[in-house]
Amino acid sequence: MSKHCRNCKGPLQHFRPATEKEKEYLLKNDERLKRADVDGYWRCQGNDGKCRRIQHHLNQSKGTTLPEDFDED
């Protein structure tokens, strides 16, 4: 899916669905989110896959930037 990314700016970027670890991070760090909500979040793959922006696929203002030390493994 291609969307605008606040971090990458410029042309549309490719996004992929958030992983379980990314969803857990969102749930842990935003008490307003519920499990059903995080299923709609996607991660930007811009900057050669190094972008840390994660946002709701229907509302780009609902999102955050994962911390630099966020580890996928």
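Right, let's walk through the structure included here. From a predicted model like this one, the values you see are computed outputs, not experimental measurements.

Basis of the calculations
Residues numbered from 1 in each chain as written. Predicted model: local features only at pLDDT ≥ 70, side-chain atom pairs only at ≥ 80, totals over all residues. Heavy atoms only, no water. Helix = DSSP H or I, 4+ residues; strand = E, 2+ residues; numbered from the N terminus. Rg over C-alpha atoms; globule rule 2.2 N^0.38 Å. Contact = heavy atoms within 4.5 Å. Areas by Shrake-Rupley, 256 points an atom, 1.4 Å probe, with all protein chains shown as cover. Lys, Arg positive; Asp, Glu negative; His and termini not counted. Charge placed at Lys NZ, Arg CZ, Asp CG, Glu CD. Salt bridge = Lys/Arg side-chain N within 4 Å of Asp/Glu carboxyl O. Core = buried A, V, L, I, M, F, W, Y, C linked by side-chain atoms within 4.5 Å. Buried < 20%, exposed > 50% of the residue type's maximum accessible area, 1.4 Å probe, protein only. Pairing = 2+ DSSP bridges. Polar contact = N/O pair within 3.5 Å; in protein donor to acceptor, adjacent residues only side chain to side chain.

1. Regarding the overall build of the protein chain
Item 1. Within the protein chain one finds three helices and five strands.
Item 2. Counted from the first residue to the last, the protein chain has its helices and strands arranged as β-β-α-α-β-α-β-β.
Item 3. In terms of C-alpha radius of gyration, the protein chain reaches 11 Å, essentially the compact-globule figure of 11 Å for 73 residues.
Item 4. Its C-alpha atoms put the protein chain at 30 × 25 × 15 Å along the principal axes.
Item 5. Counting contacts in the protein chain only where the partners sit at least 6 residues apart, residues at least 24 apart contribute 46% of the total.
Item 6. Taken as a whole, the protein chain presents about 4,800 Å² of accessible surface, with 47% of it coming from carbon and sulfur.
Item 7. Distance between charge centroids for the protein chain: 6 Å, based on 15 positive and 13 negative side chains.

2. Looking at the pattern of salt bridges
Item 1. Taken as a whole, this structure holds seven salt bridges when the rule is applied.
Item 2. When the shortest N-O distance is used, the salt bridge between R35 and E24 registers 2.3 Å. Of this pair, R35 sits in helix α2 (residues 35-38) while E24 sits in helix α1 (residues 20-29), placing them eleven residues apart in sequence.
Item 3. Where R32 meets D30, a salt bridge forms, and the shortest distance between an N and an O atom there is 3.0 Å.

3. Some remarks on the nonpolar core
Nonpolar side chains in soluble globular proteins tend to end up buried together.
Item 1. Counting residues in hydrophobic clusters, the biggest one holds eight residues: A18, L26, L33, V38, Y41, I54, L66 and F70.
Item 2. Those residues within four positions of L66 in sequence are excluded, and the remaining contacts are E22, Y25, R43, R52 and I54.
Item 3. Counting residues in hydrophobic clusters, the runner-up holds five residues, among them C5, F15, W42 and C44.

4. What about the pairing of strand β5 (residues 59-65)?
Item 1. The pairing of strand β4 (residues 53-56) with β5 spans four bridges and is antiparallel. Opposite R53, over in β5, you have T65 as the bridge partner.
Item 2. Connecting β4 to the antiparallel partner β5 that follows it, the hairpin turn spans two residues.

5. Here we look at the environment of E22
Item 1. For E22, the location among the structural elements is in helix α1.
Item 2. For E22 and R32, which are ten residues apart along the polypeptide, the C-alpha to C-alpha distance reads 16 Å.
Item 3. Of the polar contacts made by the side chain of E22, one reaches the side chain of R16; its length is 2.8 Å.
Item 4. From its side chain, E22 meets the backbone nitrogen of T19 in a polar contact 2.7 Å long.

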